[in-house]
Amino acid sequence: MSKVFFIPSFLDKQELRILCRDEPSASSLWKSYMQSGSLIFKDRSYDEAFTEIGSALQIAHYQLTITNTPTWRWAMRLVESTNLTVVILRQLGHQSVIGELLVAVEKQILALPDLKDCPPKRDARWLCRWCKSMSCKRRQEILANLYLQNKAFANPTHVH
């Protein structure tokens, strides 16, 4: 990938390379950070949740940028991590940075080469529309309520 629009930095770069040494390791780590972050969010410990979800965001970003053929799964995970990051930023009172984050993620997704394994009628533009919808405060509120009720990840097997 020739352009990098943002580089989330919650994990040390060397640590990230070691922890994400292969697809299964990266996948397990992403799921773990997302699940623990959503549970911490439910406990209304927003600063700690931000760090956990930020790590998941960094892993998804890393997985998308280390390959010449990025997958739908990792692009979707980038958007999912971004969505929860947006919800947490809103709870922390940082609504002003949400727009910039969403634009950066959209640009990142659009800069990717064709995504491998896209489901029918899904592509990078579809992901960008989903991401763009998170700028709506009402959508942020609805998603925050789902996370607070622990319904967003009620069944860990449904996490992408």
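Everything in this summary refers to the structure shown in the same document. (Residues numbered from 1 in each chain as written. Predicted model: local features only at pLDDT ≥ 70, side-chain atom pairs only at ≥ 80, totals over all residues. Heavy atoms only, no water.)

**Thoughts on the overall build of the chain**
Link 1 in the chain: Counting its regular elements, the chain contains seven helices and zero strands.
Link 2 in the chain: Reading the chain from its N terminus to its C terminus gives the helix and strand order α-α-α-α-α-α-α.
Link 3 in the chain: The buried share of the chain, taken over its 160 residues, is 44%.
Link 4 in the chain: Residue pairs in contact within the chain that sit at least 24 positions apart in sequence constitute 73% of those at least 6 positions apart.
Link 5 in the chain: With the model as given, the accessible surface of the chain reaches about 8500 Å², and the carbon-plus-sulfur share is 51%. (Helix = DSSP H or I, 4+ residues; strand = E, 2+ residues; numbered from the N terminus. Buried < 20%, exposed > 50% of the residue type's maximum accessible area, 1.4 Å probe, protein only. Contact = heavy atoms within 4.5 Å. Areas by Shrake-Rupley, 256 points an atom, 1.4 Å probe, with all protein chains shown as cover.)

**Re helix H6 (residues 124-133)**
Link 1 in the chain: Listed in full, the buried residues belonging to H6 are Ala124, Leu127, Cys128, Trp130 and Cys131. Considered in projection along H6, the buried side chains sweep an arc of 160° and stay on one side of the axis. Turned more than 90 degrees away from the buried face of H6, the exposed residues are Arg125 and Arg129.
Link 2 in the chain: In this structure, the buried residues of H6 make contact with helix H4 (72-91), helix H5 (95-111) and helix H7 (137-148).
Link 3 in the chain: The N-cap of H6, judged by a side-chain oxygen 3.1 Å from the amide nitrogen of arginine 125 a few residues on, is aspartate 123. (Arc of directions from axis to C-beta. Polar contact = N/O pair within 3.5 Å; in protein donor to acceptor, adjacent residues only side chain to side chain.)

**Some words on the packing of helix H2 (residues 23-42) against H4**
Link 1 in the chain: Close contact between H2 and H4 brings their axes to 12 Å; oriented N to C, the two are set at 20°. Classified by the interaxial angle, the pair formed by H2 and H4 is roughly parallel. For the element pair H2 and H4, the recorded crossing hand is left-handed. When H2 is examined against H4, the residues Glu23, Ala26, Ser27, Trp30, Lys31, Met34, Ser38 and Phe41 are found in contact with a partner set consisting of Arg73, Trp74, Arg77, Glu80, Ser81, Leu84, Val87, Ile88 and Gln91.
Link 2 in the chain: Split into classes, the residues belonging to the contact of H2 with H4 amount to eight nonpolar, four polar and five charged. (Axes fitted to C-alpha atoms, helices over the stretch in contact; angles between N-to-C directions. Parallel < 35°, antiparallel > 145°, perpendicular 65-115°, else oblique. Left-handed = near helix turned anticlockwise from the far one by under 90°. Nonpolar A, V, L, I, M, F, W, Y, C, P; charged D, E, K, R; others polar.)

**Describing the pattern of salt bridges**
Link 1 in the chain: Following the criterion strictly, the structure yields three salt bridges and no others.
Link 2 in the chain: Among the ionic pairs, glutamate 106 bridges to lysine 132, the shortest N-O distance being 3.4 Å. Taken together, the residues glutamate 106 in helix H5 and lysine 132 in helix H6 connect sequence positions 26 residues apart.
Link 3 in the chain: By relative accessible area, glutamate 106 is classed as buried at 11%.
Link 4 in the chain: Relative accessible area serves as the criterion here: at 48%, lysine 132 is assigned to the partly exposed category.
Link 5 in the chain: One salt bridge in this structure joins glutamate 141 and arginine 138, with 3.4 Å as the shortest N-O distance. Of this pair, glutamate 141 and arginine 138 both sit in helix H7, three residues apart, which is roughly one turn of the helix.
Link 6 in the chain: Counted as one network, the salt bridges with shared partners bring together Arg90, Arg138 and Glu141. (Salt bridge = Lys/Arg side-chain N within 4 Å of Asp/Glu carboxyl O.)

**Quick look at H2**
Link 1 in the chain: In a regular helix each residue adds 1.5 Å, so 20 residues correspond to 28 Å; H2 covers 28 Å between its end C-alpha atoms and thus fits that length.
Link 2 in the chain: For H2, the full list of buried residues reads Ser25, Ala26, Ser27, Leu29, Trp30, Tyr33, Met34, Gly37, Ser38 and Phe41.
Link 3 in the chain: Contact partners of the buried residues in H2: helix H1 (13-19), helix H3 (46-65), H4 and H7.
Link 4 in the chain: Just beyond H2, the residue with positive phi is arginine 44, at close to 65°. (Expected span 1.5 Å × (residues − 1).)

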